[in-house]
Amino acid sequence: MTAADRPVVVDIATRRREGRRPDRDDRPAPLLRKVYGEILRDERRDQDRTLDDVARTVGMSKQYLSEMERGRKEPSSEMLRSVCDALGMPLENLLARGVRRLSAPRRTGQHTVTGPPRVELMAA
């Protein structure tokens, strides 16, 4: 068996410690509260509703809702559910849209980054 025919086993933890690929975006991922806030704000604006209108429906201050939308407050799951209900948006929709935004390709220079470095494992 030649060296080229031998199986290769790659330790993922070692690969990560050695560093990222040069085309990898090293910016930290956005906070989940910021992503959810942007989605809620986009949905509210798409419906042409005001902060005051949605806040009254939920029973919170418009200042708190504004801070949620800007990612400055960490809302509880109950608060997220209430705002989603006020917007007529299923909570599952918020979660799915959040996942899509967090996993969307990020641009760095001329490279498109779609996820973690690809690691190929072969059985021995």
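Structural data are supplied above this passage.
Report on the accompanying structure. Remember, predicted model here, so these are calculated numbers, not experimental data. (Residues numbered from 1 in each chain as written. Predicted model: local features only at pLDDT ≥ 70, side-chain atom pairs only at ≥ 80, totals over all residues. Heavy atoms only, no water.)

1. Side note on the nonpolar core
Using the following cut-off: By nonpolar core we mean a set of buried residues, namely Ala, Val, Leu, Ile, Met, Phe, Trp, Tyr and Cys, connected to one another through side-chain atoms within 4.5 Å. Relative accessible area decides the class of each residue, using a 1.4 Å probe on protein chains only: under 20% of the type maximum gives buried, over 50% gives exposed, and in between gives partly exposed. Numbering of helices and strands runs from the N terminus, with a helix taken as a DSSP run of H or I at least four residues long and a strand as a DSSP run of E at least two residues long. Residue contacts follow a heavy-atom distance rule, with two residues in contact if any of their heavy atoms lie within 4.5 Å.
Judged by nonpolar contacts, the single largest core of 17 residues is most densely connected at Leu40, Leu80, Val83 and Leu94. Going through the elements one at a time, helix 2 (32-46), helix 3 (51-58), helix 4 (62-69), helix 5 (77-87) and helix 6 (91-103) are the ones with two or more residues in this core. The dominant element in this core, judged by the number of residues it contributes, is helix 5, at 5 residues. Among residues more than four places away in sequence, those in contact with Leu94 are Tyr36, Ile39, Leu40, Leu80, Cys84 and Met89.

2. Some thoughts on the packing of helix 3 against helix 4
Heads up, the condition is: Between the N-to-C directions of two axes lies an angle of 0 to 180 degrees, each axis being a line fitted to C-alpha atoms and, for a helix, fitted only over the stretch in contact. Here is the rule for angles: anything less than 35 degrees is roughly parallel, anything more than 145 is roughly antiparallel, 65 through 115 is roughly perpendicular, and the remaining ranges are oblique. Throughout this entry, Asp, Glu, Lys and Arg are counted as charged residues, while Ala, Val, Leu, Ile, Met, Phe, Trp, Tyr, Cys and Pro are counted as nonpolar. The remaining residues, Gly among them, count as polar.
Axis separation between helix 3 and helix 4 bottoms out at 8 Å; the angle between their running directions is 110°. Considering the angle they form, helix 3 stands roughly perpendicular to helix 4. Facing helix 3, whose interface residues are Leu51, Asp52, Val54 and Ala55, helix 4 presents Lys62, Leu65, Ser66 and Glu69. In the contact of helix 3 with helix 4, the residues fall into 4 nonpolar, 1 polar and 3 charged.

3. What about the pattern of salt bridges?
Threshold: Throughout this description, the term salt bridge denotes a Lys or Arg side-chain nitrogen within 4 Å of a carboxyl oxygen of Asp or Glu.
The full count for this structure, using the stated rule, is 8 salt bridges. Among the ionic pairs, Arg33 bridges to Glu74, the shortest N-O distance being 3.4 Å. Separated by 41 residues along the polypeptide, Arg33 in helix 2 and Glu74 in the loop between helix 4 and helix 5 bring together distant segments of the chain. For Arg33, a relative accessible area of 27% translates into the label partly exposed. With a closest N to O distance of 3.5 Å, Arg101 and Glu38 form a salt bridge. Linking Arg101 in helix 6 with Glu38 in helix 2, this pair joins segments that are 63 residues apart in sequence. By relative accessible area, Arg101 is classed as partly exposed at 33%. Through salt bridges with shared partners, one network takes in Glu38, Asp42 and Arg101.

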